[in-house]
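Below, each chain spelled out in residue letters.
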Amino acid sequence: MVWWIPGFPLIAFAITLLVGRRLAEPVVAGIAVMATLISFVLSTILLLHPGTPGAVTQLDWLTVGQTHIGFGMQTSHLNALMAFVVSLVSTLVLLYSRGYMAGDERFSVYYQYLNLFVFSMLGLVLSANLLELYIFWEMVGLCSYLLVGFWFFKPEAALAAKKSFIVTRIGDTGLFAGIVLLWLASGSFNFDAVFQAAQSPGFGLGWLSGSGLITLVAILVFLGAVGKSAQFPLHVWLPDAMEGPTPVSALIHAATMVAAGVYLVARMFPLFALSHAALTTVAWIGGVTALLAALIALTQRDIKRVIAYSTVSQLGYMMMALGAGAYAYGVFHLFTHAFFKALLFLTAGSVIHALGGEQDLFKMGGLAGKLPITRWTFLAAALALAGIFPLSGFWSKDAILTALLAGGHGILYAVGLITAFCTAFYIFRLYFLAFAGTPRDEALYAHAHEGGWVMTVPQVVLGVLAVMAGWWNTPIGGHPIERYLLGDAGTSFFAGTSAGDIGHVYPENVLWMVISLVVALAGIGLAAWMYGARADQRAAAAASAAGPLYRVSLRKFYLDEIYESSVVRAGKWLARIADGLDRFVIQSIVYLASRMTYAAGWGLRLLQTGQVQTYGVVAALGLFVLIAIAMLRGGVM
Amino acid sequence: MGLVAWSVAIPLLAGLVTIFLPSRACGVARALSLVSSLLTVVLAICVWVLSAAQPAGFHAQSSLPWFTLPNLWQGTDLAVHLSFGVDALSLPIWSLAILISAVAAWAAATADDWRERGKLRFLWLDLGSAGVIGVFAATDLFTLLVAVELTLVSAFFLVHLFSRGAARGAALQLLIYRGLASVFLITAIVGMAYGLAGGFGDATVAAQSGAVLTFDIPKLLSQHVDASVFPAVARSWLFLLLLLGVFMEEALVPLHSWYPAVTAGAERWVNLWLGGIVTKTGAYLLLRFGAGLLPDQVQHWGALLGWLGVINILYGAFAAWGASGWRRLVTFSSISHMGLFLLGVASATTAGAQGAMFLIISSGLLTALLFFLAGGVEARVGTERFDKLGGLSSSLPLLSGFLLTGALGALGLPLTSGFISEIQAFMGSFRTYPGLSFVALLGLILSAVYLLYAMERTTFGRPGPALEATQGAADLTGAEWVPVLILTAMVLLVGVWPSVLGHWFNPAAGALLRIGG
């Protein structure tokens, strides 16, 4: 049955690839939604009956030396939860896209790419070994590239697609090296063999062994996650990736693919747990990313970019949790975030759709009346993101903050709180700018209207989830998700680990809950004061008061400019040198050499007469002579 | 005669018949070429199926006595045979030679101007195919020598006759480089045969152990001799000589300059043939004789090979990034891939050797595909330069789509042949040379940089200045579908189901490095 979870989207991909261009839009979308819906049903069954965690069904794929590499599916509580989230959000986004992309001349190509993505993403979270995981890891990257560049005629989209692939590839190369090194040290790509080898005392290679190797490999693997999950310093591709269609942003660049990095760290958690240095790195990279992205999000003008930086920031939150050892909390936040962040993008898409493609926040305003469903669902998602009781984000964010404080990560806790304040501020700044007050552009406002049911139904479903998904893991219920996830400990999925290794469980503290709630409410209050209906010019005044700080945030800490003028420039420079060297230096040496040969050799001069046939004869003759010499010498001896 | 011998005989016969055709009968030459290509493909499939159950050892062998050099070695005669056969190493590469030659013949026969110098076109392509197929099929050193020379001469004439502008001079470069290369290669290989018979060592010990001078390749591969028979100094020099030949034959930096010079001007089916298979002969000979006969030397010179490999990876990648058009980009991308091939061989591990073998196939398929598609762009738009291209996706979506597939394969995307080849090479190289391998990883990033840059400039974005000319230009034509589909299908087949090659290359890699790990 597990094979069919990615299998149905693959079938849908094959159909749309072969005959998609000839099918009507509803048929193309219908096939895709049905296939994903079946995957969702199967994933739900899997979630409820995950069987023995770590169970693998696989085929022989390739034998390298003595290593047999398989290709198959592995089930566990973590994988089942991921498949559930991926297939659920995918189904809703595929349905929504029917309305959003209606009339696009490459409608079927769009669904073709999305089907391929859903297949790859489900394959990724069910992979039976590291090599297979890497294969799907790159496949989702390919789909992201294709979909970011979907409107290929826009130069910005073309550049963004290229950038997203190359920046993530830098991280992927680390993952690639990490996988190869793990194979060398353990002789296998299978997770259980790798974990067991890492825990054995003899773990090592000739040049590095023991904890040093574990730390190196874990950090290399994490590098892959840094690229894919847009963590500092490789986060720069994700905001640009917003050039893709908005449903793509919701599915790939918010809910699923970018969370794959978090999944990777979770999947490899037994390895990370063996290295304090690696966990600390994960936590701090997560913390820096969370804060940096939240600070940038404060000032962005583009509705999608604000949400994109929010995604970067929230992924950093998840990494912080994993780095602090709170495995289950990190995954729980991934779970709730998938719903409310996908919803934020879908509602943003609804706004953009209603305004005929306008994405500038300062041309919006007063949309609450025109787009009531969008407004209320957006509000639900925004409250969830801000972490307001009792919405989903509150529970998962608070769990992470609790874990940070209880785990002795005081500075990271402070980082988390500041980020929470910024988060509440920027998302309500967006809310007030778009939905509250009066229209800033009457012409745009006049045409605004809700999309059809295909667009509003997914929003409402996600809205319900954004409110309620967190209730699945409250103290009242006894933390069902935590217990569910920790069921993987000690099985062959997390070979050689105990529940204590993969997840510390911290008791709730009402005081800390109140603190984080107050901080979030303060953020919302400030946003209301600056951007609410009676705000006048307070925002502009604040911006000019902040001066250079405002510009640093607006210009995204100048990181793009720094990369452009260092790494990119150096690379282009080297490329130009190599090209010049090859064209002029090496070519002229060859030219000189051949000229000298001409001058010296009468034999070659003969050949210049144009009797080209003689070339072959000369070449062959030379060989015969050489062989004859060799033979003769052999005979004489 | 065995099936493998026919794979050489059929195109050779087609070529010989073509010689006697009147120039006007180019239609007949074309038909002969196509039919003989098709027959060789059928032969390859038969050998593939018949030998699959037992991949190890030589298959479909046949041997005809050719001539004898009397009293040549210790009083015995040296019998030279015309003999053919394939083993687990050569069978897939021999099949690649057949496939690429057939695709090249199809492309040459369906080009708009196929009547132009039609007779010479098919004559040299038939002879060249016989030659290059023979290189991988030969099981006798003299047969190999003849095949190498036939390939060289045919390649020279094809480039000379079917290039534009200054590229005719490049044909001479090809001749000089590859001509010298074949001298080095054959001298080194014959020297190895001579050394294995005790020619450089203690002849009496050799005689006692029954070592004889032979040109029979399977026999050479099974000879084990110790250092007193074949001294290490002689082994080293012969290996270095072989390496020199391989570098020129294979167009590896710094002896590569004939390759970009030739591909800059040759017609696309010529480039397809050269890049797809003719530039893979050196790599094969390095594996067959360098690693096969002197495995200790691969280990001894491993660091040199590894460094040269990394230099090729990076130089090729940066030169491809600096390239202003597709022809140069594909050429240097192929050089960069073969740098990784060297690194895989240098590791002297089974994984590295297996990766190196995969890389020969993968690089051949992808280089052929990219040369063909880039040629298709050039034929329609009138330029292959990035600064003049742009926005092709809107008017030529199919061509653009396949070009993207080829580029993704070349940058090593999983489920294409590129990825599975690269990771195996790295699995080997990280064991032996972790430091160099970390540097070589830069090649993975750079290949994404230059290929996606080229794609962005070609198919994405707004239509470039040259695109005006394409208004009305057809997307992939019926005839173009054949090479494109076959090559793409092979790239994906190897990527999705690598065992199709691993079935052969796994035992081949195990047998190759008898001393290695």
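Heads up: the structure comes first, above all this text.
Residues numbered from 1 in each chain as written. Chains lettered and ligands numbered in written order. Predicted model: local features only at pLDDT ≥ 70, side-chain atom pairs only at ≥ 80, totals over all residues. Heavy atoms only, no water.

Visitor: Explain the overall build of chain A residue by residue, including any values.
Guide: The helix and strand inventory of chain A stands at 29 helices and 4 strands. Against the globule reference of 26 Å for 637 residues, chain A gives a C-alpha radius of gyration of 28 Å, in line with a compact fold. The principal-axis extents of the C-alpha atoms in chain A amount to approximately 100 × 60 × 55 Å. In chain A, buried positions account for 62% of the 637 residues. Contacts in chain A between residues at least 24 apart in sequence constitute 79% of all its contacts with a sequence separation of at least 6. Side chains of chain A give 33 positive and 28 negative charges; the mean places of these two sets differ by 7 Å. (Helix = DSSP H or I, 4+ residues; strand = E, 2+ residues; numbered from the N terminus. Rg over C-alpha atoms; globule rule 2.2 N^0.38 Å. Buried < 20%, exposed > 50% of the residue type's maximum accessible area, 1.4 Å probe, protein only. Contact = heavy atoms within 4.5 Å. Lys, Arg positive; Asp, Glu negative; His and termini not counted. Charge placed at Lys NZ, Arg CZ, Asp CG, Glu CD.)

Visitor: Please provide a residue-by-residue account of the pattern of salt bridges, values included.
Guide: Under the definition given, this model contains 23 salt bridges over all chains. A salt bridge links Glu-116 of chain B to Arg-117 of chain B, with the nearest nitrogen and oxygen atoms 3.8 Å apart. Taking the shortest distance from any N to any O, the salt bridge between Arg-327 of chain B and Glu-378 of chain B comes out at 3.0 Å. With Arg-327 of chain B in helix 15 (residues 326-346) and Glu-378 of chain B in helix 16 (residues 350-381), the pair connects residues that are 51 residues apart, well separated along the chain. It is possible to trace a salt-bridge network through shared partners that takes in Lys-163, Asp-240, Arg-305 and Asp-560 of chain A. (Salt bridge = Lys/Arg side-chain N within 4 Å of Asp/Glu carboxyl O.)

Visitor: How would you explain the pairing of strand 2 (residues 67-74) of chain A if you had to name every residue and give the values?
Guide: Burial within strand 2 of chain A is extensive, with 7 of its 8 residues counted as buried. The turn linking strand 1 (residues 56-64) of chain A back onto strand 2 of chain A is made up of 2 residues, and Gly-65 of chain A within it adopts a positive phi angle of 60°. (Pairing = 2+ DSSP bridges.)

Visitor: Would you mind going over helix 2 (residues 25-48) of chain A in detail, with residue names and values included?
Guide: All names here are of chain A. Its 24 residues place the ends of helix 2 34 Å apart at the C-alpha level, agreeing with the 34 Å of an ideal helix rising 1.5 Å per residue. When helix 2 is considered as a whole, its buried residues turn out to be Val-28, Ala-29, Ala-32, Val-33, Ala-35, Thr-36, Ser-39, Phe-40, Leu-42, Ser-43, Leu-46 and Leu-47. Looking at the buried side of helix 2, the elements it contacts are helix 1 (4-19), helix 3 (77-100), helix 4 (107-125) and helix 22 (480-486). (Expected span 1.5 Å × (residues − 1).)

Visitor: For the interface of chain A and chain B, give the residues involved together with the corresponding values.
Guide: At the junction of the two partners, chain A supplies 64 residues and chain B supplies 84 residues. Of the roughly 6500 Å² buried between chain A and chain B on both sides combined, carbon and sulfur atoms contribute 75%. A salt bridge links Arg-328 of chain B to Asp-582 of chain A; the nearest nitrogen and oxygen atoms lie 3.2 Å apart. Where chain A touches chain B, the interface holds 13 residue pairs in polar contact (both at pLDDT 80 or more). Elements that contribute at least two residues to the side of chain A that touches chain B include exactly strand 1, helix 5 (130-148), helix 6 (155-186), helix 27 (559-600) and helix 29 (613-636) of chain A. A total of 15 residues in the side of chain A that touches chain B trace back to one element, the largest contributor, which is helix 6 of chain A. For the side of chain A that touches chain B, the class distribution of residues is 46 nonpolar, 10 polar and 8 charged. (Buried area = accessible area lost by both parts, 1.4 Å probe. Polar contact = N/O pair within 3.5 Å; in protein donor to acceptor, adjacent residues only side chain to side chain. Nonpolar A, V, L, I, M, F, W, Y, C, P; charged D, E, K, R; others polar.)

Visitor: Tell me about the environment of Arg-178 of chain B, residues and numbers included.
Guide: Residue and element names in this part refer to chain B. With respect to the helices, strands and loops of the structure, Arg-178 is situated in helix 6 (residues 167-196). The buried category is assigned to Arg-178, whose relative accessible area is 3%. Residues Arg-178 and Trp-504, spaced 326 residues apart in sequence, show a C-alpha to C-alpha distance of 29 Å. Those residues within four positions of Arg-178 in sequence are excluded, and the remaining contacts are Leu-152, Met-248, Glu-249, Trp-258, Val-278, Thr-279 and Thr-281.

Visitor: So what about a nonpolar patch on the surface? Which residues, and what values?
Guide: Residue and element names in this part refer to chain A. A contiguous nonpolar patch, built from Trp-4, Ile-11, Ile-15, Leu-17, Leu-18, Val-19, Leu-23 and Val-27 and spanning about 670 Å² of accessible area, is present on the exposed surface. Per-element tally for the nonpolar patch: the top contributor is helix 1, with 6 residues. Of note, Leu-18 is situated in helix 1. (Patch = residues over 30% accessible without salt bridge, like charges linked within 9 Å, V, L, I, M, F, W, Y side chains within 5 Å. Areas by Shrake-Rupley, 256 points an atom, 1.4 Å probe, with all protein chains shown as cover.)

Visitor: Quick one: what's the story with the packing of aromatic side chains, residue by residue and with numbers?
Guide: All names here are of chain A. Within the structure shown, the criterion is met by 55 aromatic pairs over all chains. Considering the side-chain rings of Tyr-327 and Phe-494, the 5.6 Å spacing of their centres and the 75° angle between planes classify their relative orientation as edge-to-face. With Tyr-327 in helix 15 (residues 327-354) and Phe-494 in the loop between helix 22 and helix 23 (499-502), this pair connects stretches of sequence that are 167 residues apart. Across the pair, exposure class does not vary: Tyr-327 and Phe-494 are buried alike. Following the ring pairs from residue to residue traces out a cluster consisting of Phe-107, Tyr-110, Tyr-111, Tyr-113, Phe-150 and Trp-151. (Phe/Tyr/Trp six-rings, centres within 6.5 Å; stacked < 30°, edge-to-face > 60°.)

Visitor: Please set out unusual backbone geometry residue by residue, giving values where relevant.
Guide: Each neighbour pair has its own omega, and for Phe-389 of chain A with Pro-390 of chain A the value is 0°, a cis peptide bond. You can see Pro-390 of chain A is positioned in the loop between helix 17 (372-386) and helix 18 (392-406). Pro-254 of chain B follows Val-253 of chain B through a cis peptide bond whose omega is 10°. Within the fold, Pro-254 of chain B resides in the loop between helix 9 (232-250) and helix 10 (258-263). Its identity as a non-glycine residue notwithstanding, Phe-557 of chain A has a phi of 60°, on the positive side. For Phe-557 of chain A, the location among the structural elements is in the loop between helix 26 (548-554) and helix 27. Given a relative accessible area of 28%, Phe-557 of chain A falls into the partly exposed group. Its identity is not glycine, yet Leu-415 of chain B carries a phi of approximately 70°, on the positive side. Within the secondary structure, Leu-415 of chain B sits in the loop between helix 18 (397-410) and helix 19 (417-432). Accessibility expressed as a relative area gives 17% for Leu-415 of chain B, which makes it buried.

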